[in-house]
Amino acid sequence: MVQQRTSILEDLEDENLNLTPLIDCVFLLLIFFMVTTVFKQPYSLRVELPQARQATIVEEKKLVASIDKSGAMELNRQLVSMAKLPALLAREKETTRSLTLIIRTDKKTRHGLVLEVMEIAKRLDVDKVVLATEEDEGI
């Protein structure tokens, strides 16, 4: 009986838990999440969009101009001054092949700045100018 006990204990000590398949699965999951994750660049200018009751969602690649309340401006996530806006807008229009400009402005942005951007867009034959808003939650 003593000999049987020692052989059972020896069998238990020889048994090892093989973790290789578990580690393989963890690495496969890690690779899967790394490949499927989309890294979206945030806008560098923080603007608080006004709310609207009737809004449409624009989904295709567009030209996006952002203007904050201090007057700082960016076009497709590139900081730009009003003087350099026409050249950058023309270049981005050619690159994206878009005829739509979305203007994101803060609630407190001067109206004159928005009109200037709209005028520049019209001169460069941008067909459609859209003002970005947030959906009104009261509806």
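Right, let's walk through the structure included here. All of these numbers come straight from a predicted model, not from anything done at the bench.

The next subject is the overall build of the chain. Within the chain one finds 4 helices and 7 strands. Its helices and strands taken in sequence order, the chain reads α-α-β-β-β-β-α-β-α-β-β from the N to the C terminus. Counting the 139 residues in the chain, one finds 28% classified as buried. Considering only residue pairs separated by 6 or more positions, the chain has 72% of its internal contacts joining residues 24 or more positions apart. Surface accessibility of the chain: about 11,000 Å² in total, with carbon and sulfur atoms responsible for 56%.

What follows covers the nonpolar core. Counting residues in hydrophobic clusters, the biggest one holds 17 residues, and the most contacted among them are Leu75, Leu85, Leu89, Leu101 and Val117. Among the elements of the structure, strand 2 (63-67), strand 3 (73-75), helix 3 (85-96), strand 5 (100-105) and helix 4 (111-123) are those that each provide at least two residues to this core. By residue number, the principal contributor to this core is helix 4, which donates 5 residues. Among all residues touching Leu85, those that are not within four sequence positions of it are Met73, Leu75, Val80, Val117 and Ile120. Grouped together as the second largest cluster of nonpolar side chains are 5 residues, Val47, Leu49, Val64 and Ile102 included.

So, on to helix 4. Its 13 residues place the ends of helix 4 19 Å apart at the C-alpha level, agreeing with the 18 Å of an ideal helix rising 1.5 Å per residue. Those residues of helix 4 that sit buried are Leu113, Val114, Val117, Ile120 and Ala121. Buried residues along helix 4 cover an arc of 125° about the axis, so they all sit on one side. Turned more than 90 degrees away from the buried face of helix 4, the exposed residues are His111, Glu119, Lys122 and Arg123. In this fold, the buried residues of helix 4 make contact with strand 2, strand 3, helix 3, strand 5 and strand 6 (128-131). Looking at the residues trailing helix 4, positive phi occurs at Asp125, about 60°.

For the rest of this paragraph, the subject is the sheet that holds strand 2. Reading across from one edge, 4-3-2-5-6 is the order of the 5 strands in this open sheet, with mixed pairing throughout. Every other strand in the sheet has two partners, leaving strand 4 (78-80) and strand 6 as the edge strands with one partner each. Mean inter-strand twist for the sheet, computed between neighbouring axes without regard to direction, equals 25°. Where strand 5 meets strand 6, 4 bridges bridge the pair, whose relative direction is parallel. From the neighbouring strand, Ile103 faces strand 6, where its bridge partner is Leu131. Its contacts with the sheet place helix 4 against strand 2, strand 3, strand 5 and strand 6, and it is angled at close to 170° to strand 5.

With that settled, consider a nonpolar patch on the surface. Taken together, Leu17, Leu19, Leu22, Ile23, Val26, Phe27, Leu30, Ile31, Met34 and Val35 make up a surface patch of nonpolar side chains, about 1,000 Å² in accessible area. With respect to the element layout, Ile23 can be found in helix 2 (residues 20-36). Exposure remark for Ile23: the relative accessible area of 43% places this residue in the partly exposed category.

A few words now on unusual backbone geometry. Here Arg97, not a glycine, exhibits a phi torsion of approximately 55°, which is positive. Tracing the backbone through its elements, the reader meets Arg97 in the loop between helix 3 and strand 5. Even without glycine at this site, Asp125 takes up a positive phi of about 60°.

What counts and how
Residues numbered from 1 in each chain as written. Predicted model: local features only at pLDDT ≥ 70, side-chain atom pairs only at ≥ 80, totals over all residues. Heavy atoms only, no water. Helix = DSSP H or I, 4+ residues; strand = E, 2+ residues; numbered from the N terminus. Buried < 20%, exposed > 50% of the residue type's maximum accessible area, 1.4 Å probe, protein only. Contact = heavy atoms within 4.5 Å. Areas by Shrake-Rupley, 256 points an atom, 1.4 Å probe, with all protein chains shown as cover. Core = buried A, V, L, I, M, F, W, Y, C linked by side-chain atoms within 4.5 Å. Expected span 1.5 Å × (residues − 1). Arc of directions from axis to C-beta. Pairing = 2+ DSSP bridges. Axes fitted to C-alpha atoms, helices over the stretch in contact; angles between N-to-C directions. Patch = residues over 30% accessible without salt bridge, like charges linked within 9 Å, V, L, I, M, F, W, Y side chains within 5 Å. Salt bridge = Lys/Arg side-chain N within 4 Å of Asp/Glu carboxyl O.

Without other data, these values stay purely geometric and don't point to any function.
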